Amino acid sequence: MAEPWQMSKYAIDPELLPWLDMMPAIDFTDAESLARKRASFDEIGSMIPPYEATHPIDVRNELVPGPEGAPDVPVRIYRRAGQEGAQPGLLYIHGGGFVIGRVDMADLAAMPFVDKLGIVVVAVDYRLAPETPFPGPVEDCYAALVWTANKASELGIDPARLAVGGESAGGGLSAATVLLARDRGGPALSHQYLWIPELDDRLETESMREYVDTPLWNRPNAVFSWDSYLGEGKRGTADVSPYAAPARAADLSGLPPTVVTVCQFDPLRDEGLEYARRLSQANVPTEVRGYAGSFHGSTMIGDAAVTQRAAADQLEDLCRGLEVAR
């Protein structure tokens, strides 16, 4: 019997359909299911071939000072070998629904950015929920941003061209980190890149209500994700912080120019679109990219034309947002 997403219910891009049976099943329901997914995460990563760079890239790991009273934060720094002068910098925050993932996930995104654009990437290995709920993960990301800005000269980063970006939960953490930077008086940022971001704990958008069985990410997973991040019983209540769920922010003015991307069959689609609308309304230069027939995480299928188009767009958007000379 065909899976629901293989039926006419979702008009998934025909190039993506043959790969669905090989995609990892992600179904978070409880602590036991989460432990199983974490244990199998290496297997998921092994499905994706490593990036073959055309330039030598130096990669090193560092520990940076964490939030007050918290452990140091591991980061991974990527830079072209032998590159001279200050380059644009990107603080990159990986996805994983706030509950899975590690800094190794950044390799897939960071290596092409460094190879093709020549920028410096600092990827954050933030603590995960539910063991570390809000505000721990976003404070880790903000601490890494502060360190990156303070060490810009040593890292070969131009502080006037520093951005924050990430995907899925990393997109939500990126938006929250940028809000913290605005409200705490720095560091100054020139751009934010929010790829399929997880922004709203209220789970009330049309796409979130409807997409209960879409591949990789769906409403049940989102429920578990937010309950883990905020703590049981807090999701959807009136006192959730905008630094946890950026869609809650009453004021989006004064934020850096932004790109928001969404996938058609993604429960996160409408919260991304709404955040972009509100940024535009707040006079923040904002662009939106949406990909027909795609679903959350479909970029793992690298040979599909929609994935290749999205990857090219991402490079172009970062090139423009970070004023990369090409």
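Residues numbered from 1 in each chain as written. Predicted model: local features only at pLDDT ≥ 70, side-chain atom pairs only at ≥ 80, totals over all residues. Heavy atoms only, no water.

Caption draft 1: Main features of the overall build of the chain. Along the chain, the regular secondary structure elements total 10 helices and eight strands. Against the globule reference of 20 Å for 326 residues, the chain gives a C-alpha radius of gyration of 18 Å, in line with a compact fold. A principal-axis box enclosing the C-alpha atoms of the chain has dimensions of 60 × 45 × 40 Å. Looking at the chain alone, contacts between residues at least 24 apart form 76% of all its contacts between residues at least 6 apart. Summed over its atoms, the accessible surface of the chain is roughly 13,900 Å², and 52% of this surface lies on carbon and sulfur atoms. Of note, the chain has its 28 positive side-chain charges centred 3 Å away from the centre of its 47 negative side-chain charges. (Helix = DSSP H or I, 4+ residues; strand = E, 2+ residues; numbered from the N terminus. Rg over C-alpha atoms; globule rule 2.2 N^0.38 Å. Contact = heavy atoms within 4.5 Å. Areas by Shrake-Rupley, 256 points an atom, 1.4 Å probe, with all protein chains shown as cover. Lys, Arg positive; Asp, Glu negative; His and termini not counted. Charge placed at Lys NZ, Arg CZ, Asp CG, Glu CD.)

Caption draft 2: Inspection of the environment of Pro 137 at higher detail. As for its placement among the helices and strands, Pro 137 is situated in helix H4 (residues 136-150). In this structure Pro 137 comes out as buried when scored by relative accessible area, which is 1%. Between the alpha carbons of Pro 137 and Ala 276 there is a distance of 23 Å; along the sequence they are 139 residues apart. (Buried < 20%, exposed > 50% of the residue type's maximum accessible area, 1.4 Å probe, protein only.)

Caption draft 3: Broad picture of the packing of aromatic side chains. Evaluated as defined, the whole model comprises 11 aromatic pairs. Aromatic side chains Trp 195 and Tyr 291 sit 6.2 Å apart centroid to centroid with 35° between the ring planes, which places their arrangement in the tilted category. Taken together, the positions of Trp 195 in strand S6 (residues 191-195) and Tyr 291 in strand S8 (residues 286-295) put the pair 96 residues apart, joining distant regions of the chain. For the pair Trp 195 and Tyr 291, a shared accessibility class is recorded, and that class is buried. Connected via pairs of aromatic rings, a cluster forms that spans Phe 98, Phe 134, Trp 226 and Tyr 229. One cation-aromatic arrangement involves Arg 184 over Tyr 142; the distance from NZ or CZ to the ring centre is 4.8 Å. (Phe/Tyr/Trp six-rings, centres within 6.5 Å; stacked < 30°, edge-to-face > 60°. Lys NZ or Arg CZ within 6 Å of the ring centre and 35° of its normal.)

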